[in-house]
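Next come the chains, spelled out residue by residue.
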Amino acid sequence: MEKGTLVEFRVGSDRRLGVVDRPDGKTRTFVIDERGQSHSLVPRQISYIVSGETYQSSQIPSFLKEVQTYLDPSSLEVAWELLVEDGETVTPKEMANLLFSETLPTQCYAAHCLLSDDKMYFKQKGEAYEPRTSTQVADRKHQLEVEALKARGQQEFLERVEQALQGNNVEWQRHDRHRIEALEKYAALLADIGKPGVNYDSLSRAYPPPATVLETMNMLSRPATPQGAFQLLVDLGIWSANENLFLRRSSIPVQFPSKVVEVAQQRLESNPPDLDTNRLDLIHLKVYTIDDESTTEIDDGLSWEKLPDGRDRLWVHIADPTRWLMPEDELDLDARKRGSTVYLPTGMIPMFPEVLATGPMSLVQGKVCYSLSFGIILDGNGAVTDYSIHASLIKPTYRLTYEDVDEMLELGVEAEPEIAAIANWAEKRKSWRYAQGAISINMPEAMIKVKGDEISIDLLQDSRSRQLVAEMMIVAGEVAARYGKENNIPLPFRGQPQPELPPEEELILLPAGFVRACAMRRCMPKSEMSITPVRHAGLGLDTYTQATSPIRRYSDLLTHFQLKAHLRGEVLPFSAEQLKEVMMTVTSVTQEVTMVERQTNRYWALEYLRRHNDEIWEATVLMWLREDSGLALILIEDLGLQLPMFFKRDVNLGDEILIKVSISDPQKDVIQFQEIIYQEAQSTAN
């Protein structure tokens, strides 16, 4: 090329002009740009040659200024309309002549710039440009509109993000939800920490971010990792710092579908006809409901009466939610999908809409309530000698807490002899079950509650009142199962295989109390569900089913559906095969519920310990997890928490030690303790 020839070349994505200076070897050419910088170019880097004149590099700015006056992209549309019908190609020089009626170097270069930058009307074909078809242009216009809309949406989203990060209330738009839901789903992967091969550091490698998350995090200059997504959601005020990721990662529905809420409200208002027209009127009985103070779904009550023949009859009254729903209706199918009420430290997720669950389904003090009542007569040893089951009407007299009942039993309140009578029968009943081979494993149990930012951990005491209620629920379950067995009714029977406990000579070598109970617990097989009666070794019963929590457990609701239909003389709603199929589905769901409850409790236990890392706790060494590496399970007795701890010295099972938290990170599921020697503990206390 002649010295002084003006050429266009690219530096990255930048368009540059330069003047040819001299050859650089056989194939390269030196050009000087407007800044006086020299560039060695190969032919393919030169994208346009301005012909007709020679230039000095100092002339480039004035050349570009003149070119600028011709750069009107809208003029291409007029040219396209003239050329599209014939579909002929056009060179920059021909386009300059068409647009400007002249072909000066500045005009030809302007035409080149317009054509090479155009993404709508023309496409390059060699050194010329071909007009796109009308269909292609229409498609390109639509695509550009979509891209512009997307860009505007991104900008508006960024503005809302900035407002939220400043602590202002933001009304997220409908199209924001797609981004936010993608972030939530990705951040919830943190719940997988602790699974095989997944730890905090490897999480983002194990789960690369999806496109939407990657785009969002890049827009905000944040790390596109599950941890980064979690922190963004917290910073935006969408999540709390202690968001329940286990619940979010699960398939457990948190909200009720609007249709289910609507049906629940209709049932409440319409008071549908009662199928049990021959309910037994038990309103005259004194009925006690006994629960924790925070319980809102009250599904069982107890009565005692002296019969004319001198015998005692116990009554276990169970809430009757089937009064308000039918098998396979909206309420039933939604409850089946949930499996059970979910109990978390932060609150519960009910199996039924609360308007029903805590209202007409519950046994509310002072109100006439629908019930399924079990009338039970025990012999002197505590065995069931006679029973009857009735759809009934009752009127709960007292709503008591476990603490109320313990106090009444301790003081021997004469005005309530029924409580003492029920307690005495419960003790006989418990003794009878142990005579039948029941196995008792008593370990401290923690009850973790979170209100606002406060975490409390209380021990569930194995008090007389709790034993009383437990025994009455167990005997009702035995009676329900016996009725099913005697009448050949398929029910969700619950059993437990006979455990192979350590020999007595081995158990006696272990410290009595929690260590021995822990060793026995390890030998207990899981309970099983069956549509036919099966022995429950742990309870010491030949047949058993759960029937006492139909508002809270779907398997109990199934028992009610079957029993009540048989009591009415109707065809059973579920055949054996149908019941088996439903039970399989429900069992899968309830296993997930149990896992989420367990994981959530552990999270809040670690968070509690993190906040109390200065406290010294008394602990007992329960069992070895990996004795060769010094990993043991310890029990913090004041909290009822069982957690792992590494020991650097020899310890024995049953040793009582003092410990302090060294590291507790609930999000990483990490807990580490350090042992405190007695002198250190005294020094800390002082």
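Residues numbered from 1 in each chain as written. Predicted model: local features only at pLDDT ≥ 70, side-chain atom pairs only at ≥ 80, totals over all residues. Heavy atoms only, no water.

What follows covers the sheet that holds strand β24 (residues 656–665). Taken in spatial order, the five strands of this open sheet run β23-β22-β21-β24-β25, and their pairing is antiparallel. The open sheet has two edge strands with one neighbour each: β23 (641–646) and β25 (670–676). Mean inter-strand twist for the sheet, computed between neighbouring axes without regard to direction, equals 45°. Bridge count for strand β21 (residues 617–626) against β24 is four bridges, and the pairing is antiparallel. Residue Glu 618 lies in a different strand from β24, and its bridge partner there is Leu 658. Along the sheet face, helix α18 (residues 514–523) touches β21, β22 (631–636) and β23 and points at about 35° away from the line of β21. Contacting β21, β22, β23, β24 and β25, helix α20 (residues 576–611) crosses the sheet at an angle of about 65° to β23. (Pairing = 2+ DSSP bridges. Helix = DSSP H or I, 4+ residues; strand = E, 2+ residues; numbered from the N terminus. Axes fitted to C-alpha atoms, helices over the stretch in contact; angles between N-to-C directions. Contact = heavy atoms within 4.5 Å.)

On to a negative patch on the surface, then. There is a patch of like negative charges on the surface, built from Glu 293, Glu 403, Asp 404, Glu 407 and Glu 410. For Glu 403, the location among the structural elements is in helix α14 (residues 402–411). (Patch = residues over 30% accessible without salt bridge, like charges linked within 9 Å, V, L, I, M, F, W, Y side chains within 5 Å. Areas by Shrake-Rupley, 256 points an atom, 1.4 Å probe, with all protein chains shown as cover. Salt bridge = Lys/Arg side-chain N within 4 Å of Asp/Glu carboxyl O. Lys, Arg positive; Asp, Glu negative; His and termini not counted. Charge placed at Lys NZ, Arg CZ, Asp CG, Glu CD.)

The next subject is the nonpolar core. Formed by 62 residues in total, the largest nonpolar core has its most connected members in Leu 609, Ile 636, Leu 639, Phe 647, Ile 659 and Phe 673. The residues touching Ile 659, leaving out its near neighbours within four places in the chain, are Glu 615, Ile 616, Trp 617, Ala 619, Ile 634, Ile 636, Met 645, Phe 673, Gln 674, Glu 675 and Ile 676. Judged by nonpolar contacts, the second largest core, of 40 residues, contains Leu 378, Ile 419, Ile 422 and Phe 493. (Core = buried A, V, L, I, M, F, W, Y, C linked by side-chain atoms within 4.5 Å. Buried < 20%, exposed > 50% of the residue type's maximum accessible area, 1.4 Å probe, protein only.)

The next point concerns the sheet that holds strand β4 (residues 38–41). Strand order in the open sheet formed by five strands is β4-β3-β2-β1-β5, and the pairing between neighbours is antiparallel. Here the strands that pair on one side only, and so sit at the sheet edges, are β4 and β5 (46–50). Neighbour-to-neighbour, the strand axes of this sheet turn through a mean angle of 40°, independent of strand direction. Relative to β4, strand β3 (residues 28–33) runs antiparallel, the two being bridged by four bridges. Bridging from a neighbouring strand, Thr 29 pairs with Leu 41 of β4.

Note on placement: Arg 160 falls in helix α5 (residues 134–165). What Arg 160 contacts, discounting residues up to four positions off in sequence, is Val 170, Glu 171, Trp 172, Gln 173, His 175 and Asp 176.

In this sheet, strand β18 (residues 454–460) lies alongside strand β17 (residues 445–451) in antiparallel orientation, the contact comprising seven bridges. The residue bridging Met 447 from the neighbouring strand is Asp 458, located in β18. Turn length for the β17-β18 hairpin, with the two strands adjacent in sequence and antiparallel, is two residues, and the turn residue Gly 452 shows positive phi of about 65°.

All right, on to the pairing of strand β10 (residues 300–306) then. Sheet faces and side chains relate simply in a regular strand, where the side chains alternate between the two faces. For β10, a buried count of six out of seven residues is recorded, marking the element as mostly surrounded by other parts of the structure. Relative to strand β11 (residues 312–319), β10 runs antiparallel, the two being bridged by seven bridges. Its bridge partner being in β11, Asp 300 is matched across the sheet by Ile 318.

Below, the discussion takes up the environment of Ser 662. Position of Ser 662 relative to the elements: it lies in strand β24. Non-local contacts of Ser 662, meaning those with residues more than four positions away in its chain, are made with Gln 672, Phe 673 and Gln 674.

With that settled, the discussion passes to the pattern of salt bridges. Opposite charge on two side chains lets them pair, provided their charged atoms get close. Following the criterion strictly, the structure yields 47 salt bridges and no others. When the shortest N-O distance is used, the salt bridge between Arg 267 and Asp 329 registers 3.0 Å. With Arg 267 in helix α11 (residues 258–270) and Asp 329 in the loop between β11 and α12 (330–338), the pair connects residues that are 62 residues apart, well separated along the chain. When sorted by exposure, Arg 267 lands in the same class as Asp 329, which is buried. In this structure, Asp 276 and Arg 279 form a salt bridge, with 3.6 Å as the shortest nitrogen-oxygen distance. Comparing Asp 276 with Arg 279 shows no difference in burial state: the two are buried. Residues joined in a network through salt bridges with shared partners are Asp 274, Asp 276, Arg 279, Asp 320, Arg 323, Lys 564, Arg 568 and Glu 570.

To continue, consider a nonpolar patch on the surface. Together, Val 78, Leu 82 and Leu 98 make up an exposed nonpolar region whose accessible area comes to about 280 Å². Looking at Leu 98, the relative accessible area reads 37%, which means it is partly exposed.

With that settled, consider helix α3 (residues 92–100). For α3, every residue scored as buried is listed here: Pro 92, Met 95, Ala 96 and Phe 100. End-on view of α3: buried residues confined to an arc of 105°, all on one side of the axis. For α3, the secondary structure elements touched by its buried residues are β5, α2 (75–83), α4 (105–117), β6 (122–125) and β7 (128–131). Positive backbone phi, at 65°, marks Ser 101, one or two positions downstream of α3. (Arc of directions from axis to C-beta.)

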